[in-house]
Amino acid sequence: MDASKRTGAISRTESPLSDADAATVSDLSAHRRATTSVADANAAFRAELITDYIAARRTGVWSDELRLLAEARRYDEVNPDDTVSLFDELHAIELFGAQPTGVAA
């Protein structure tokens, strides 16, 4: 067994998001999952949560806004190395508004 298997490290040929490749019927989906990094997944999650927050603010449903703010805090606790906290991004939207076109990922 090589060192990457013993330590749990991921080698350059493996991807942490490719575990379900055998279950997919699409070669394109399998390739996309195999080449998606955790950083890409985090950026996509952040963009989706920000977009959902903007939509919740437009509807004015406070419980949805609070749920998304709580989710942002949980994300920040798990990802403390991000340059800007997700909660702070949502708070900035509260203070300064957001462009109606949405969020760029």
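Note that the coordinates shown come from a computational prediction; the quantities given were computed from them, not determined experimentally.

Participant: Tell me about the nonpolar core, and please be specific about residues and values.
Facilitator: Counting residues in each nonpolar core, the largest one holds 12 residues, listed as Leu49, Ile50, Tyr53, Ile54, Ala56, Leu68, Leu69, Ala72, Tyr75, Leu86, Leu90 and Ile93. Elements represented by at least two residues in this core include exactly α3 (38-59), α4 (62-78) and α5 (86-96). No other element matches α3, which puts five residues into this core. Those residues in contact with Ala56, other than ones at most four positions away along the chain, are Val61, Asp64, Glu65 and Leu68.

Participant: Mind laying out the packing of α4 against α5, listing which residues take part and the relevant values?
Facilitator: Between α4 and α5, whose axes approach to 7 Å, the crossing angle comes to 145°. Across from Glu65, Leu68, Leu69, Ala72, Arg73, Tyr75 and Asp76 in α4, the residues of α5 making contact are Leu86, Phe87, Leu90 and Glu94. For the contact of α4 with α5, the residue count by class is seven nonpolar, no polar and four charged.

Participant: Describe the environment of Arg57, with residues and values.
Facilitator: Note on placement: Arg57 falls in helix α3. Ignoring any residue separated from it by four or fewer positions in sequence, one finds Arg57 in contact with Glu65, Ile93 and Glu94. At a separation of 2.6 Å, a polar atom in the side chain of Arg57 contacts the side chain of Glu94.

Participant: So what about α4? Which residues, and what values?
Facilitator: Here α4 spans 25 Å end to end across 17 residues, near enough to the 24 Å set by a 1.5 Å rise per residue. For α4, every residue scored as buried is listed here: Glu65, Leu68, Leu69, Ala72, Tyr75 and Asp76. Buried residues of α4, seen end-on, are gathered within an arc of 115° and therefore sit on one face of the element. Along α4, the residues that are exposed and aim more than 90 degrees away from the buried face are Ser63, Leu66, Glu77 and Val78.

Participant: Outline α5, listing residues and values.
Facilitator: Two residues of an α-helix separated by three or four positions point the same way, owing to the 3.6 residues in each turn. For α5, the set of buried residues is Leu86, Leu90 and Ile93. Down the axis, α5 shows its buried residues gathered within 50° of arc, on one side only. What points out from α5, more than 90 degrees from its buried face, is the exposed set Leu95 and Phe96. Positive backbone phi, approximately 85°, marks Gly97, located one or two places after α5.

Participant: Would you mind going over the environment of Thr51 in detail, with residue names and values included?
Facilitator: Along the polypeptide, Thr51 turns up in helix α3. Given a relative accessible area of 38%, Thr51 falls into the partly exposed group. Measuring from C-alpha to C-alpha, the distance between Thr51 and Leu90 comes to 9.9 Å, with 39 residues separating the pair along the chain.

Participant: Explain the confidence of the model for the chain to me, using residue names and the numbers behind them.
Facilitator: Close inspection of predicted coordinates is inappropriate in any region flagged by low pLDDT. Of all residues in the chain, 58% have pLDDT values of 70 or greater, and the mean over the chain is 74. Mean pLDDT in the chain bottoms out at helix α1 (residues 3-7), which sits at 43, and peaks at α4, which reaches 95. Here residues 1-18 scores under 50 on pLDDT; set against residues more than four positions off or in separate chains, the count is 17 contacts.

About the criteria used
- Residues numbered from 1 in each chain as written.
- Predicted model: local features only at pLDDT ≥ 70, side-chain atom pairs only at ≥ 80, totals over all residues.
- Heavy atoms only, no water.
- Core = buried A, V, L, I, M, F, W, Y, C linked by side-chain atoms within 4.5 Å.
- Buried < 20%, exposed > 50% of the residue type's maximum accessible area, 1.4 Å probe, protein only.
- Helix = DSSP H or I, 4+ residues; strand = E, 2+ residues; numbered from the N terminus.
- Contact = heavy atoms within 4.5 Å.
- Axes fitted to C-alpha atoms, helices over the stretch in contact; angles between N-to-C directions.
- Nonpolar A, V, L, I, M, F, W, Y, C, P; charged D, E, K, R; others polar.
- Polar contact = N/O pair within 3.5 Å; in protein donor to acceptor, adjacent residues only side chain to side chain.
- Expected span 1.5 Å × (residues − 1).
- Arc of directions from axis to C-beta.
- pLDDT = per-residue confidence, 0-100.

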